[in-house]
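Chain by chain, the residues run as shown.
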Amino acid sequence: MFKNYLKTAWRNIRKNKAFSFINIVGLAIGIAASLLLFIIVEYELGYDSFQKDYNHIYRVVTQNKYADGITYNDGTAAPALAALRTSFPQIKFSGIVSTFGSQVTVDNNKKFVEQTGIFFCEQQFFNVFQYKWLDGNAASLSEPNTVVLSKSTAEKYFGNAQHAVGKTIRLDNDITLKVSGIIANPPANSDFPLSVLISYETFKSNPQYGYNDAWGSISSNVQVYALFPSHVNGSTINKQLATFSKEHYTQGISKTINFLEPLKDLHYDTRFSNFNSHVTSKSTLWTLSLIGIFILLMACINFINLSTAQAVNRSKEVGIRKVVGSSRSQLFYQLMGETGMIVFIALLIGILMAYIALPYTKHVASIPEPLSLFTVPSVLILAAIAIAVTFLAGTYPSLIMSRFNPLTVLKNKKANVSAKGISLRRSLVVIQFAISQVLIIATIIAVSQMNFVQHADLGFNKDAVLMLSQSTDSTALARLNAFKQKLLTLNGVQSVSLTNDAPSSDNNWSTGFAFDHGANKDFQIHLKFGDADYIKTFGLQLIAGRTYSESDTARELVVNETLLKMLHISNPKDILGKDIQLSGKWLPVVGVVKDFKDHSLRSEIKPIVLTTDKTNYGETAIKLHSSNIGATKAAIEKTWNEFYPDYTYSADFLDETIAHFYDEEEHLSVLYKIFAGLAIFISCLGLYGLISFMTIQKTKEVGIRKVLGASVSSIIYMFSKEFTFLTIISFFIAAPVAWYAMSNWLNNFVYRVPLSISFFIVAAIASIVIAWITVGYKAIKAAIANPVKSLRTE
């Protein structure tokens with residue numbers, strides 16, 4: 001019996017080649033697209049889940065509540081680690097400190113700049129987190145000036161990880177470290193890219209890396225992690241941490257509280273960052289999952305529509321089978337078998353499509369490693385897709401056809417399509433186009449926002465500005481002025497500024513302050529340090545006063561408009577000559593600059609103070625002429641090597657750095673484009689199949705109409721009016737859904753495009769035009785056909 005089902009199924013697939021092709025292609029695309037999306041989502045949801053105690057590990061983070069709002073910090077004050085151990089002896093705590101852009105020198109000639117992956121780490125870190133040791137053990141990290149390397153890092157430095165232990169490396173041309181162990185490479189989907197682990201004692205004994213034992217100094221680089229016993233409740237500890245915070249932090253202009261962030265939320269909590277600088281919001285992952293489900297659903301809708309439409313042509317076959325003894329259940333299983341075969345073929349083609357497309361996922365998602373189609377989760381996903389699609393796409397058409405009355409279908413040769421069946425197909429077409437239009441609207445809005453982001457006026461010049469990273473040790477700082485003067489002599493260099501930070505960055509260096517010899521204000525100011533050419537190099541606009549004079553230390557200040565607003569000063573000239581207290585010193589304000597975007601467009605502009613401080617100059621900003629940039633860059637690198645032969649050259653253009661602020665939104669925008677295109681294509685396949693069926697069914701009607709004088713345009717209108725009407729209905733369903741979803745998405749940006757009705761009108765027009773184009777070809781072909789031939793055929 002089963003063999004007969006397969007033979008019959010294959011015969012019907014071959015007999016109806018056009019409809020089978022449309023079904024298989026639609027299903028294959030839907031399966032491939034949804035599979036790729038589910039693999040991406042599964043990968044993102046798997047971050048750090050390899051840890052044995054994944055559900056019991058927490059990060060201790062900090063919240064500061066000011067009069068003007070709440071800020072969050074990934075880290076704690078350095079002395080918090082010891083105090084936490086004293087206050088919560090039942091919990092395992094460990095400290096880890098990140099450092100960025102450090103130079104590692106191996107064998108006195110090989111130099112590596114490690115932007116991420118270098119940490120100062122306690123041996124207790126390995127009581128909280130589990131990593132495989134290939135050589136050595138955690139106890140070696142109790143000694144100062146010792147370092148543990150990951151396997152890949154040891155191979156990069158020494159060629160062979162087995163020979164690395166006992167050798168030395170030099171950090172930032174300053175500290176010599178002895179390799180005491182090797183750990184296995186952490187998985188790529190981990191927020192702890194451990195490459196170089198230096199003993200925590202080394203951090204404490206070298207203040208240039210930021211160790212500060214004051215409770216008021218909270219750094220996102222200084223982080224504490226905790227492993228809870230299974231019986232300890234996180235909410236209980238959070239309540240106790242509130243009391244702990246009151247006891248240790250000075251509750252002045254802000255209320256400072258430590259609280260727990262579960263490891264399972266580390267990769268998704270947008271209030272905080274992580275060591276990978278890659279935070280993916282859960283809402284983004286749910287959006288991708290829904291798109292995958294909708295694409296698959298649209299492919300199933302195509303199958304249902306075409307199968308129920310074909311039911312009329314197969315009514316005689318079903319009638320004969322019933323007359324010769326086939327039961328309703330046998331017919332149902334035979335038709336489900338056909339569906340299963342089509343789904344199986346589509347599944348194989350879909351897997352092939354996904355396999356071909358898989359290497360390109362890194363261009364549209366933040367995936368740092370090649371993904372595999374055939375992991376256990378992906379195989380389970382494939383099985384679930386096959387079963388779900390077979391059930392969704394096959395059940396209703398099989399039930400419809402197995403219910404045909406044999407007497408009726410044999411007498412009339414064809415079963416009449418019930419009004420209920422027609423209504424279902426119309427409803428499914430509406431659902432299909434509603435999904436397509438939601439994706440079209442989302443794509444238009446996302447692309448518009450990203451265009452706005454790319455071309456927004458940031459209040460400074462970000463184009464052709466090269467940011468050159470440098471060390472802040474005494475040797476490097478001593479050569480800075482001479483290095484700057486040599487750069488200014490190079491052709492193609494307009495201006496140079498020594499600074500700690502670009503106008504727009506991830507930096508949140510803030511401090512409390514007092515104004516005009518009064519009491520401390522109830523909000524903080526954010527600091528940026530740069531020499532006297534900072535304003536000129538970045539094209540900031542002075543609206544009052546002048547820039548500060550050149551100095552190695554802070555002597556004069558320039559402030560932004562936002563600070564004036566928060567101080568309730570309406571005229572910028574009124575603040576000139578007034579004093580602001582920083583680090584116990586009263587310094588005069590000599591200038592005011594127009595507001596500039598100091599972070600991404602998701603954030604409001606902060607109150608900012610610009611001043612000088614040579615000890616913090618870790619970057620050189622070089623404004624270039626737009627012509628012959630390549631040659632100028634080469635000359636800059638040559639100059640660097642003359643002044644800093646012991647330091648590695650590392651430079652990035654500012655506009656590229658700023659673009660990275662929006663990586664997640666950019667990836668989502670690209671995904672919207674791709675899957676909106678796929679949704680439109682699948683919808684068009686379905687429409688093409690239905691219009692093809694309609695033209696066959698109405699061949700005689702069209703012939704009679706033409707004989708009676710109907711014009712080509714009236715026949716085209718007859719075919720297209722229903723689909724136009726259905727497309728308009730789908731728009732009124734899609735519009736509120738898209739408005740709600742995209743208004744929530746735009747709420748992530750303080751500065752954004754307005755949610756204009758024009759986005760929705762464009763989407764509606766595009767959908768109608770696409771439907772007309774799809775339907776038009778077959779409609780025109782039917783309209784211009786010879787009526788005599790069509791009547792003879794009937």
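Look up: the structure comes first, before these words.
Below, the structure is looked at part by part. This one's a predicted model, so the numbers in the text were calculated from it and none came from an experiment.

## Considering the packing of helix α3 (residues 80–87) against helix α7 (residues 234–248)
- Packing of α3 against α7 leaves a shortest axis separation of 12 Å and a crossing angle of 130°. Put simply, α3 runs oblique to α7. For α3 against α7, the interelement crossing comes out right-handed. On the side of α3, the interface is formed by Ala 80, Ala 83, Leu 84 and Ser 87, while α7 contributes Leu 241, Phe 244 and His 248.
- Class assignment for the residues of the contact of α3 with α7 results in 5 nonpolar, 2 polar and no charged.

## Some points on the packing of helix α15 (residues 480–488) against helix α18 (residues 629–643)
- At a minimum axis distance of 10 Å, the contact between α15 and α18 shows a crossing angle of 150°. Accordingly, the angle class assigned to the pair α15 and α18 is roughly antiparallel. α15 and α18 meet at a crossing whose hand is right-handed. For the pair α15 and α18, the contacting residues are Ala 482, Phe 483, Lys 486 and Leu 487 in the first and Ile 636, Thr 639, Trp 640, Glu 642 and Phe 643 in the second.

## Topic: the nonpolar core
- Counting residues in each nonpolar core, the largest one holds 115 residues, and the members touching the most others are Phe 538, Leu 540, Leu 610 and Phe 719.
- When residues of this core are assigned to their parent elements, the largest contribution, 18 residues, is made by helix α2 (residues 17–45).
- Leaving out residues up to four positions away in the same chain, Phe 719 has contacts with Ile 691, Met 694, Thr 695, Lys 698, Val 702, Val 775, Ala 779 and Ala 782.
- Grouped together as the second largest cluster of nonpolar side chains are 46 residues, Val 147, Tyr 209, Val 224 and Ala 226 included.

## Here we look at the environment of Thr 176
- Looking at the secondary structure, you find Thr 176 in strand β11 (residues 175–183).
- Its relative accessible area of 40% is what places Thr 176 among the partly exposed residues.
- Considering only alpha carbons, one finds Thr 176 and Asn 145, 31 residues apart in sequence, at a separation of 6.7 Å.
- What Thr 176 contacts, discounting residues up to four positions off in sequence, is Asn 145, Thr 168, Ile 169 and Arg 170.
- Separated by 2.7 Å, the side chains of Thr 176 and Arg 170 make a polar contact.

## Some details on unusual backbone geometry
- Of note in the backbone geometry, Asp 48 takes a positive phi value of approximately 65° without being a glycine.
- With respect to the element layout, Asp 48 can be found in the loop between α2 and β1 (57–66).
- The phi dihedral of Ser 583 is positive, around 50°, even though this residue is not glycine.
- Take Ser 583: its relative accessible area is 80%, and that puts it in the exposed class.

## Digging into the pattern of salt bridges
- Within this structure, the stated rule accounts for 14 salt bridges.
- Between Lys 536 and Asp 533 there is a salt bridge, and its shortest N-O distance comes to 3.8 Å.
- A residue is classified by how much of its surface remains accessible, and Lys 536, at 57% relative accessible area, is exposed.
- One salt bridge connects Lys 565 with Asp 595, and the closest N-O pair in it is separated by 3.9 Å. Remark: Asp 595 occurs in the loop between β24 (585–593) and β25 (608–611) and Lys 565 occurs in helix α17 (residues 561–566); sequence separation between them is 30 residues.
- Judged by relative accessible area, which is 57%, Lys 565 ranks as exposed.
- We classify Asp 595 as buried; its relative accessible area is 13%.
- Through salt bridges with shared partners, a single ionic network connects Lys 484, Asp 531, Asp 533 and Lys 536.

## Considering the packing of aromatic side chains
- Summed over all chains, the structure comprises 39 aromatic pairs.
- On the basis of an interplanar angle of 65° and a centroid distance of 6.2 Å, the ring pair of Phe 50 and Tyr 131 is categorised as edge-to-face. Taken as a pair, Phe 50 in the loop between α2 and β1 and Tyr 131 in the loop between α4 (125–128) and β8 (133–135) lie far apart in primary sequence, 81 residues in all.
- Each ring, one from Phe 192 and one from Phe 275, has its centre 5.8 Å from the other, and the planes form 65°; the classification is edge-to-face. Of this pair, Phe 192 sits in the loop between β11 and β12 (196–199) while Phe 275 sits in the loop between β15 (255–262) and α8 (282–310), and the two are 83 residues apart along the sequence. The same class applies to Phe 192 and to Phe 275, which are both buried.
- Aromatic ring contacts, followed pair by pair, group Phe 50, Phe 119, Phe 125, Phe 126, Phe 129, Tyr 131, Trp 133, Phe 192, Tyr 225 and Phe 275 into a single cluster.
- Directly above the ring of Tyr 72 sits Arg 271, whose terminal nitrogen or CZ lies 4.9 Å from the centroid.

So, how was this worked out
- Once a new chain begins, its residue numbering starts again from 1 and follows that chain's sequence as written.
- Residue-level local features of this predicted model are given only where pLDDT is at least 70; pairs of side-chain atoms are given and counted only at 80 or more, and the full residue set underlies all totals for whole chains, interfaces and linings.
- Hydrogens and water molecules were not included; the side-chain quantities draw on all heavy atoms of the structure.
- Angles run from 0 to 180 degrees between N-to-C directions of axes, and those axes are lines fitted to C-alpha atoms, restricted for helices to the stretch in contact.
- Per the convention used, a helix needs a DSSP run of H or I reaching at least four residues, while a strand needs a run of E reaching at least two, with both numbered from the N terminus.
- If an angle is under 35 degrees, it is roughly parallel; if it is over 145, roughly antiparallel; if it lies from 65 to 115, roughly perpendicular; otherwise it is oblique.
- Take the far helix as your reference; a near helix turned counterclockwise from it by less than a right angle gives a left-handed crossing, and one turned clockwise gives a right-handed crossing.
- Any two residues whose heavy atoms approach within 4.5 Å at even a single point are treated as in contact.
- Lys, Arg, Asp and Glu make up the charged group, whereas Ala, Val, Leu, Ile, Met, Phe, Trp, Tyr, Cys and Pro make up the nonpolar group; the residues left over, Gly among them, are polar.
- The nonpolar core is taken to be a set of buried Ala, Val, Leu, Ile, Met, Phe, Trp, Tyr and Cys residues, with the residues joined through side-chain atoms within 4.5 Å.
- The buried label applies to any residue whose accessible area, calculated with a 1.4 Å probe on protein chains only, is under 20% of its type's maximum; exposed applies above 50%, and partly exposed to all values in between.
- Each polar contact in these results corresponds to two N or O atoms within 3.5 Å; when the atoms are within protein, one needs to be able to donate a hydrogen and the other to accept it, and residues that are neighboring in sequence are counted only if both atoms are side-chain atoms.
- A pairing counts as a salt bridge when a side-chain nitrogen of Lys or Arg comes within 4 Å of a carboxyl oxygen of Asp or Glu.
- Each pair of aromatic rings taken from Phe, Tyr and Trp, with Trp reduced to its six-membered ring, is defined by centres within 6.5 Å and is described as stacked if the planes are under 30 degrees apart, edge-to-face if over 60, and tilted in the remaining cases.
- Definition used: whenever NZ (Lys) or CZ (Arg) falls within 6 Å of the ring centre and also within 35 degrees of the ring normal, the charge is taken to sit over that ring.

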